Amino acid sequence: MATFELYRRSTIGMCLTETLDEMVQNGTLSPELAIQVLVQFDKSMTEALEDQVKSKVTIKGHLHTYRFCDNVWTFILQDALFKSEECQETVGQVKIVACDSRLLTQ
């Protein structure tokens, strides 16, 4: 199963990376094992979001910038309104990165 490394830049991904770097520098963990952990993290995040998240959200806002490069869309929205069944929230600026999930099965 192929995966994207998008989730490594999330808060939990950055914390994991920092912790693994510390462990490699202290000699607690080999660099090879740290890379295996990151690859497993990518797979687990992809599977969890695919299988466990069932919520739907509508997003409306001013499209400031958009890009399509290497089958990855990047959108930057300003004054974005996120609306779900339970609540709604306005965010000043948000960056959305979207990839074609069909590429994961290749």
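Refer to the preceding data block for the structure.
This is a predicted model, so every value here is computed, not measured. (Residues numbered from 1 in each chain as written. Predicted model: local features only at pLDDT ≥ 70, side-chain atom pairs only at ≥ 80, totals over all residues. Heavy atoms only, no water.)

Q: What exactly am I supposed to notice about the overall build of the protein chain here?
A: Helices and strands together make up the secondary structure of the protein chain, namely 2 helices and 3 strands. What you see in the protein chain, going N to C, is helices and strands ordered as α-α-β-β-β. Relative to the compact-globule value of 13 Å for 106 residues, the protein chain shows a C-alpha radius of gyration of 17 Å, a clear excess of over 25%. Dimensions of the protein chain, computed from C-alpha atoms along their principal axes, come out at roughly 50 × 30 × 30 Å. Per-residue burial over the protein chain gives 15% buried out of 106 residues. Looking at the protein chain as shown, the accessible area adds up to about 8300 Å², and 53% of this sits on carbon and sulfur atoms. A gap of 8 Å separates the mean positions of the 10 positive and 15 negative side-chain charges of the protein chain. (Helix = DSSP H or I, 4+ residues; strand = E, 2+ residues; numbered from the N terminus. Rg over C-alpha atoms; globule rule 2.2 N^0.38 Å. Buried < 20%, exposed > 50% of the residue type's maximum accessible area, 1.4 Å probe, protein only. Areas by Shrake-Rupley, 256 points an atom, 1.4 Å probe, with all protein chains shown as cover. Lys, Arg positive; Asp, Glu negative; His and termini not counted. Charge placed at Lys NZ, Arg CZ, Asp CG, Glu CD.)

Q: Is there a simple way to think about the sheet that holds strand S3 (residues 88–99) in this case?
A: By way of backbone hydrogen bonds, the strands of a sheet pair with one another, either parallel or antiparallel. Read across the sheet, 3 strands follow the order S1-S2-S3 without closing on themselves; strand pairing throughout is antiparallel. Each having just a single partner strand, strand S1 (58–69) and S3 make up the two edges of the open sheet. Taking each pair of neighbouring strands and ignoring which way they run, the sheet shows an average axis angle of 15 degrees. Pairing analysis gives 11 bridges linking strand S2 (residues 72–83) to S3, with the strands arranged antiparallel. Residue pairing in the sheet places Thr74 in a bridge with Val97 of S3. (Pairing = 2+ DSSP bridges. Axes fitted to C-alpha atoms, helices over the stretch in contact; angles between N-to-C directions.)

Q: Hey, could you run me through the environment of Thr74 in this one?
A: Mapping Thr74 onto the fold places it in strand S2. Look at Thr74 and you get buried, because its relative accessible area is 12%. Residues Thr74 and Ala34, 40 residues apart in the sequence, show an inter-C-alpha distance of 28 Å. Setting aside chain neighbours within four positions, we find Thr74 in contact with Thr65, Tyr66, Arg67, Lys95, Ile96 and Val97. (Contact = heavy atoms within 4.5 Å.)

Q: What am I meant to see in the state of the cysteines here?
A: Such a bond, covalent and formed between the sulfur atoms of two cysteines, is termed a disulfide. Scanning the entire structure with this criterion turns up 0 disulfides. With no disulfide of its own, Cys99 has Cys69 as its nearest cysteine by sulfur position, at a separation of 11 Å. Exposure remark for Cys99: the relative accessible area of 23% places this residue in the partly exposed category. (Disulfide = S-S within 2.5 Å.)

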